[in-house]
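Structural overview
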Amino acid sequence: MSRAGSDGRRVVVTRALPAAWLAPLAEAGLELDVIDQHEAPSTAELHERVRGASALWVMLGDRVDAALLDAAGPQLRVVATFSVGVDHVDLAACRERDVALANTPEVLTNATADLAMALLLALARRLREGEALLRSGRWAGWGPQQLLGFDLDGARVLVVGPGRIGSAFARRVRAFGARVTYHGRRARPELDEELGARFEPDLEAALARSEVVSLHAPLTDATYHLLDARRLRLLPPGALVVNTARGPLIDEAALVDALRDAHLGGAGLDVFEREPQVHSGLLELPNVVMLPHLGSATRGTRQTMAALVTDAITAVLRGARPANLVGDP
Ligand code: GLV
């Protein structure tokens, strides 16, 4: 798609996307400039392509910082990220340049909570090890002590970050009979009432009492390495850790140590500290289930996320205020 002759209504899209997702932008008379590849462009390419753009449709692998915004230029009006998380975006740099920032909240809540539940079930019932045994051709038939798992019914589950996704996960795990405690900035009386959940303001006390911990907090300076070596050891022996939020919430090297010496019973991870790299220690462990950051990856969810992004871009470019602005531009 053409990049030349921008009339100030050019939208740069940083990955190849289905035409149907992009259609509302073309229908609004905007000029599309799609970086037509599935992997993240280099910083140099991104900086070169955004020059003169009015809007950017970015992904969570794209660093949106002052340098990128300046490379785009003062005509840039809006950055819309195809994610709920905005830790890859320098919010202050957007604000200083009067660039609106939009994200895709709510629509991916159920898909992401489903995936956290899938990881927990896979860990609790040792799906990966069972599958491997079958595929190895070494299965000798039903055994009374074969691959014994962990009961979710009655399990003590800690939800760290009871926002939309954390609350949706809490509902799911409660439906399996677990007893839910949550840790966050404030109590959520609606969760207490609906799920019989319990707020625990002291994270360390909560960890010490939990057989499962599932992370749903955003990545900020305050949550970086929230589960470090010491806190991982506060969990009772055999505890399961699930992370569908952001990799750097856990010190990955410390997690490998705690899994290797069997302090932890297992980890279910959809996110990693240095994506797309994965700690080699994790790859070697049988009691780790890993996915390549698939939280929101369902057809319907991604389509709805795309609609939120195109709504935000078209709204800002016609001078309106989109529903999904992050902070005040
Ligand atoms: C996925 O991680 C997202 O933030 O949408």
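Up top you'll find the structure we're talking about.
Report on the accompanying structure. Numbering of residues starts from 1 in each chain and follows the order in which that chain's sequence is written. Only residues with pLDDT of at least 70 get local features here, since the model is predicted, and only at 80 or more are side-chain atom pairs given and counted; chain-wide, interface and lining totals rely on the full set of residues. Water and hydrogen atoms were dropped before computing side-chain values, which therefore reflect all heavy atoms in the structure.

Residues belong to a common nonpolar core when they are buried Ala, Val, Leu, Ile, Met, Phe, Trp, Tyr or Cys residues joined through side-chain atoms within 4.5 Å. Each residue is assigned to one of three classes by its accessible area relative to the maximum for its type, calculated with a 1.4 Å probe on protein chains only: buried under 20%, partly exposed between the two thresholds, exposed over 50%. Counting 53 residues, the largest nonpolar core has Val-11, Trp-57, Leu-120, Phe-169 and Ile-313 as the members making the most contacts within it. Numbering of helices and strands starts at the N terminus; helices are DSSP runs of H or I of at least 4 residues and strands are runs of E of at least 2. Per-element tally for this core: the top contributor is helix α5 (residues 109–124), with eight residues. Where each domain starts and ends comes from a domain assignment, either automatic or drawn from a database. In terms of domain composition, this core takes at least three residues from each of domain 1 (10–107 + 299–317) and domain 2 (109–290). In terms of nonpolar packing, the next biggest core, distinct from the first, is built from 29 residues, Val-213, Val-241, Leu-264 and Ala-267 among them.

Quick look at the environment of Ala-178 now. In this structure, Ala-178 sits in the loop between α7 (164–175) and β7 (179–183). Ala-178 gets classed as buried once you look at its relative accessible area, which sits at 0%.

Glancing now at the layout of surface pockets. Within this model, the second largest pocket holds a volume of roughly 310 Å³. Lining the second largest pocket are 17 residues, with Arg-125, Gln-146, Leu-147, Leu-148 and Gly-149 positioned closest to its centre. Elements represented by at least two residues in the lining of the second largest pocket include exactly α5 and α6 (127–136). Polarity classes work like this: nonpolar for Ala, Val, Leu, Ile, Met, Phe, Trp, Tyr, Cys and Pro, charged for Asp, Glu, Lys and Arg, and polar for all others, with Gly in that last group. The class makeup of the residues in the lining of the second largest pocket is eleven nonpolar, four polar and two charged. Both site types are read off a 1 Å grid over the protein atoms alone. A 1.4 Å probe that fits but cannot get out defines a cavity, while an open set with protein on both sides within 12 Å along at least five of seven lines defines a pocket; lining residues have an atom within 4 Å of a point. Grid points are joined across faces, edges and corners, and a volume is the space filled by probe spheres set on the points.

We now examine empty space enclosed by the protein. Left-over empty space is what a probe sized like a water molecule reveals as it rolls over the atoms. Counted according to the given criterion, the structure contains two cavities of 30 Å³ or more. Of the pockets and cavities examined, the second largest cavity occupies roughly 40 Å³. In terms of lining residues, the second largest cavity is bounded by Asn-243, Gly-247, Ile-250, Glu-252, Leu-255, Leu-269, Val-271, Phe-272 and Glu-273. For the lining of the second largest cavity, the residue count by class is five nonpolar, two polar and two charged.

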